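For reference, the chains in residue letters:
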Amino acid sequence: MGDVIIGAQWGDEGKGKIIDILAAKADVVVRSQGGNNAGHTVVSNGKTYKLHLVPSGILYPEKLCLIGAGVVLDPKSFIGELVQLKSQGIEKFNLLIDYRAHIVMPWHIELDGLSEKYRGKSDIGTTKKGIGPAYTDKYERSGLRLYDLIHPEIFREKAKTVGELKNRIITEIYGGNELDIDKIIEEYIKLGEKLKDFADDVSYITYEAHKAGKKILFEGAQATLLDIDFGTYPYVTSSHPNTGGVCTGTGIGPRCIDEVIGVVKAYTTRVGKGPFPTELDDEIGERIRNVGGEFGTTTGRPRRTGWFDAVIAEHSIRVNGITALALNKLDTLGGLEKIKICTGYVISNETQKLSESQDELNICHRFPCELEELQKCEPVYEELDGFAEDISSCKTFEKLPQNCKKYIERIEQLLKTPVKFIGVGPDRSQCIYR
Ligand code: GDP
Ligand code: IMO
Ligand code: MG
């Protein structure tokens, strides 16, 4: 049995929380893509754990956590994360990393910063963790992998060649400061020694676990709208945070997957730049940001906020083959008089006519392929009554306020997909199952 848990908006939907909850009944948790640009929060018994590379099943010592070949691994960040987890009482790391995972090197981080600066006003707003440059090297076929890192002789030679070229790009193209390649190589060989015991063939282990009938959770990082092909390119990340990415990033076939759970918030957020049709630049947006604590787990940046966008959710359902939804942070909407759902888009020069008659307009329900088209889109909203009650201790769907239930049911109706999990607070206990 394999279930994919995937972000269906622009990230930070609460994937970490859902994975932690589902991991109680699973055997293996696998991360397939992304790097330490991800920030997955797990809250248990009042303790908050912020995970970046380590899979969100790590709180259960008996569960096997795997990091697949599609992940780009920053060794310093990974080791730092283990130290942090140890300081929080997690002693046992039942954790393996695929030999093939690419290593994020200091030049990737440097180049991430320099290329963002070079883009100026058109910067992407990356996390500056070196993710884009690391994936660039992977596809350019000059990347360094975990296998190289833990074999010093191989690493020294490959890293020297690549590092020297990177130094030329850093200094001659971008006018940046030269890096001390030899020093970096020796430092990383030492880091490699610490990673040796984690290295294994994750593709093989996952397949064997599947054959043995184990329950596997595939943990998505980032989200569909940040997918390099199906997101809001170029304002995306450099990997495939979709169901396809689970297969390529773990090295398994699609038949290892049964359910695909798309995680959404009851509203929408985005960090970094790029179009955001339902963005709220007003006091409601500000209120959602403050009540929902919408500040980045990785960078601390304030997240942009907006209404739930059913066009985006539908796009994600199609791209990923989502079979069920997890709707998080419903509690954050408590106290709002009205709640809106975006049900379609109109091209902006037609919005004038909108007030006259919605029916006569050509409302688009399909998420546009191109940014230029998306930028012209104005959301069409359906307005629902809000709920005033505090739902954070609600345990069943039936006990939710009437207007809350109506909101969930309308989302299900629009998306033709069941909402199986409802988040009413950050703790692992604050989730309603249906
Ligand atoms: P991820 O990247 O998808 O794992 O999500 P993040 O951890 O970056 O961001 C989600 C934030 O919302 C975290 O601070 C979570 O603790 C919090 N959270 C998750 N689910 C809920 C919920 O249902 N209600 C509230 N209030 N907070 C939640
Ligand atoms: P989780 O897994 C939200 C965004 C960045 C930026 C763009 C490119 O916690 O949901 P990158 O550093 O990847 O090159 O940045 O992608 N981004 C995320 N936004 N949640 C994430 O991960 C993100 N990872 C990257 O803000 O807009
Ligand atoms: Mg996050």
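One can find the structure itself at the top, above this paragraph.
Okay, so let's go over this structure. Small disclaimer: the values here were computed from a predicted structure and weren't measured. (Residues numbered from 1 in each chain as written. Chains lettered and ligands numbered in written order. Predicted model: local features only at pLDDT ≥ 70, side-chain atom pairs only at ≥ 80, totals over all residues. Heavy atoms only, no water.)

### Digging into the packing of aromatic side chains
Line of reasoning, step 1. Under the defined criterion, the tally for this structure stands at 6 aromatic pairs.
Line of reasoning, step 2. Aromatic pair Tyr118 and Tyr174: ring centres 5.9 Å apart, planes at 85°, arrangement edge-to-face. Highlighted residues: Tyr118 in helix α3 (residues 106-119) and Tyr174 in the loop between α6 (152-173) and α7 (181-195), separated in sequence by 56 residues.
Line of reasoning, step 3. Of the residues examined, Tyr118 reaches a relative accessible area of 65% and is grouped as exposed.
Line of reasoning, step 4. Given the relative accessible area of 28%, Tyr174 is considered partly exposed.
Line of reasoning, step 5. Ring geometry for Phe421 against Tyr433: centres 5.8 Å apart, planes inclined by 70°, an arrangement best described as edge-to-face. One end of the pair, Phe421, is in strand β18 (residues 419-423); the other, Tyr433, is in strand β19 (residues 431-433), with 12 residues separating them in the sequence.
Line of reasoning, step 6. By relative accessible area, which is 8% here, Phe421 ends up buried.
Line of reasoning, step 7. Stacked on the ring of Tyr60, the Lys or Arg Lys63 has its end atom at 5.8 Å from the ring centre.
Line of reasoning, step 8. The side chain of Arg434 reaches across the aromatic face of Phe397, ending 3.9 Å from its centre. (Phe/Tyr/Trp six-rings, centres within 6.5 Å; stacked < 30°, edge-to-face > 60°. Helix = DSSP H or I, 4+ residues; strand = E, 2+ residues; numbered from the N terminus. Buried < 20%, exposed > 50% of the residue type's maximum accessible area, 1.4 Å probe, protein only. Lys NZ or Arg CZ within 6 Å of the ring centre and 35° of its normal.)

### Examining the nonpolar core
Line of reasoning, step 1. Ranked by internal contacts, the top residues of the largest apolar core, which has 53 residues, are Phe308, Leu327, Leu330, Leu333, Leu400, Tyr407 and Ile422.
Line of reasoning, step 2. Looking at this core element by element, the count peaks at 6 residues for helix α14 (residues 402-415).
Line of reasoning, step 3. Taken domain by domain, this core gets at least three of its residues from each of domain 1 (2-97 + 200-262) and domain 3 (265-433). (Core = buried A, V, L, I, M, F, W, Y, C linked by side-chain atoms within 4.5 Å. Domains from an automatic or database assignment.)

### What to know about the pairing of strand β16 (residues 338-347)
Line of reasoning, step 1. Summarising burial for β16: 7 of the 10 residues are buried, a large majority.
Line of reasoning, step 2. The sheet contact formed by strand β14 (residues 308-309) and β16 spans 2 bridges and is parallel. Directly across from Phe308, in β16, lies its bridge partner Ile341. (Pairing = 2+ DSSP bridges.)

### Some remarks on the site of ligand 1
Line of reasoning, step 1. Near ligand 1 you find 20 residues, and of these Lys15, Gly39, Thr41, Thr297 and Asp331 are the closest.
Line of reasoning, step 2. Interatomic distance of 2.9 Å between a side-chain N/O atom of Asp12 and an oxygen atom of ligand 1.
Line of reasoning, step 3. Measuring from an oxygen atom of ligand 1, one finds a side-chain N or O atom of Thr41 at 2.5 Å.
Line of reasoning, step 4. Protein burial of ligand 1: of its 580 Å² of free accessible surface, 91% is covered by the chains.
Line of reasoning, step 5. According to the grid-proximity analysis, the pocket containing ligand 1 is the second largest pocket. (Near = heavy atom within 4 Å. Polar contact = N/O pair within 3.5 Å; in protein donor to acceptor, adjacent residues only side chain to side chain. Areas by Shrake-Rupley, 256 points an atom, 1.4 Å probe, with all protein chains shown as cover. 1 Å grid on protein atoms, 1.4 Å probe; cavity = no way out; pocket = protein on both sides within 12 Å on 5 of 7 lines; lining within 4 Å. Sits in = over half its atoms within 2 Å of the grid points.)

### Focus on the coordination of the magnesium ion (ligand 3)
Line of reasoning, step 1. Distances from the magnesium ion (ligand 3) to its protein donors, Asp12 (OD) and Gly39 (O), fall within 2.0 to 2.2 Å. In this pair, Asp12 is assigned in the loop between β1 (2-7) and α1 (15-23) and Gly39 in the loop between β2 (28-31) and β3 (40-44), connecting sequence segments 27 residues apart.
Line of reasoning, step 2. The class of Gly39 is buried, set by a relative accessible area of 10%. (Donors = N, O, S within 2.8 Å, 3.2 Å for Na, K, Ca; no water.)

### Description of the sheet that holds strand β15 (residues 324-328)
Across a sheet, strands are paired by hydrogen bonds formed along the backbone, either parallel or antiparallel in direction.
Line of reasoning, step 1. Pairing is mixed across the open sheet formed by 10 strands, whose spatial order is β9-β7-β5-β2-β10-β1-β11-β15-β18-β19. The open sheet has two edge strands with one neighbour each: β9 (199-200) and β19.
Line of reasoning, step 2. Pairing of strand β11 (residues 259-265) with β15, which is carried by 5 bridges, proceeds in the parallel orientation. Counted as the bridge partner of Val263 is Ala326 from β15.

### A short note on the layout of surface pockets
Over the atoms, a rolling probe the size of a water molecule traces out where space has been left empty.
Line of reasoning, step 1. In this structure, the largest pocket spans a volume of roughly 1000 Å³.
Line of reasoning, step 2. No other element matches helix α4 (residues 131-140), which puts 8 residues into the lining of the largest pocket.
Line of reasoning, step 3. Partitioning the lining of the largest pocket into residue classes produces 19 nonpolar, 19 polar and 11 charged.
Line of reasoning, step 4. There is about 510 Å³ of room inside the second largest pocket.
Line of reasoning, step 5. Lining the second largest pocket are 26 residues; nearest its centre among them are Thr41, Gly292, Arg303, Lys329 and Pro426.
Line of reasoning, step 6. Among the secondary structure elements, those contributing two or more residues to the lining of the second largest pocket are α1 and β3.
Line of reasoning, step 7. Per-class residue counts for the lining of the second largest pocket are 5 nonpolar, 13 polar and 8 charged. (Points joined across faces, edges and corners; volume = space filled by probe spheres on them. Nonpolar A, V, L, I, M, F, W, Y, C, P; charged D, E, K, R; others polar.)

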